[in-house]
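Chain by chain, the residues:
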Amino acid sequence: MTGTPIAPDDRARLDQVFMQVVLDVQAQAQQTAPAQAGGVAAMFHKETVGDALQGCAMLIAGWNQGRIDDAGLSRTTKALRALELPELATRVEKLRQIAEG
């Protein structure tokens, strides 16, 4: 339960931006396809998409508690990179600085 704290005023002001990023991550992760054909590739792809979605859930839970959840951030970015979505991973990493500017 560690993370970057978000002041209540910042949370209220930035809620729409935060949720837009998280919902975009969820949608794009779910639209990806396995890099290779076959059952094993499909299994790993499904697991990686699940990791991205779980990370998003952790981010939302942390946000509701007034923080950017470090574990959720890490899980989400790792999964997005594995899904070959590095730009989206960078966007998620920037959530840590959301209250700074």
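The structure this text deals with has already been given above.
Please read these numbers as outputs of a predicted model, since none were measured by experiment. (Residues numbered from 1 in each chain as written. Predicted model: local features only at pLDDT ≥ 70, side-chain atom pairs only at ≥ 80, totals over all residues. Heavy atoms only, no water.)

### What to know about the pattern of salt bridges
Applicable threshold: Any carboxyl oxygen of Asp or Glu that lies within 4 Å of a side-chain nitrogen of Lys or Arg is treated as forming a salt bridge with it. Relative accessibility decides the category of a residue: with a 1.4 Å probe and only protein chains considered, values under 20% of the type maximum give buried, values over 50% give exposed, and everything between is partly exposed.
Following the criterion strictly, the structure yields six salt bridges and no others. Residue Asp69 is joined to Arg67 by a salt bridge in which the shortest nitrogen-to-oxygen separation is 2.6 Å. Judged by its relative accessible area of 8%, Asp69 is buried. Taking the relative accessible area as the measure of exposure, Arg67 reaches 10% and is therefore buried.

### With respect to the packing of aromatic side chains
Counted only if it meets this: Pairing of aromatic rings covers Phe, Tyr and Trp, the last counted by its six-membered ring, and requires centre-to-centre distances within 6.5 Å; plane angles under 30 degrees mean stacked, over 60 mean edge-to-face, and any other angle means tilted. Secondary structure follows DSSP: runs of H or I at least 4 residues long count as helices, runs of E at least 2 residues long count as strands, and numbering of each begins at the N terminus.
In the structure shown here, the tally under the stated rule is one aromatic pair. Aromatic pair Phe18 and Trp63: ring centres 4.1 Å apart, planes at 5°, arrangement stacked. Here the residue Phe18 occupies a position in helix 1 (residues 8–30), and Trp63 occupies one in helix 2 (residues 39–64), the gap between them amounting to 45 residues. Look at Phe18 and you get buried, because its relative accessible area is 0%. Taking the relative accessible area as the measure of exposure, Trp63 reaches 0% and is therefore buried.

### Considering the nonpolar core
The following threshold applies: For the purposes of this section, nonpolar cores are sets of buried Ala, Val, Leu, Ile, Met, Phe, Trp, Tyr and Cys residues that join through side-chain atoms within 4.5 Å. What makes two residues a contact is simply this: any of their non-hydrogen atoms within 4.5 Å.
By size, the foremost hydrophobic cluster in this structure holds 23 residues, and its most contacted members are Phe18, Ile68, Val92, Leu95 and Ile98. Of all the secondary structure elements, the ones that give two or more residues to this core are helix 1, helix 2, helix 3 (70–82) and helix 4 (86–93). Top element by residues in this core is helix 1. It accounts for six residues. Beyond its immediate sequence surroundings of up to four residues, Val92 is in contact with Val21, Val25, Leu59, Leu73, Thr76, Thr77 and Leu80.

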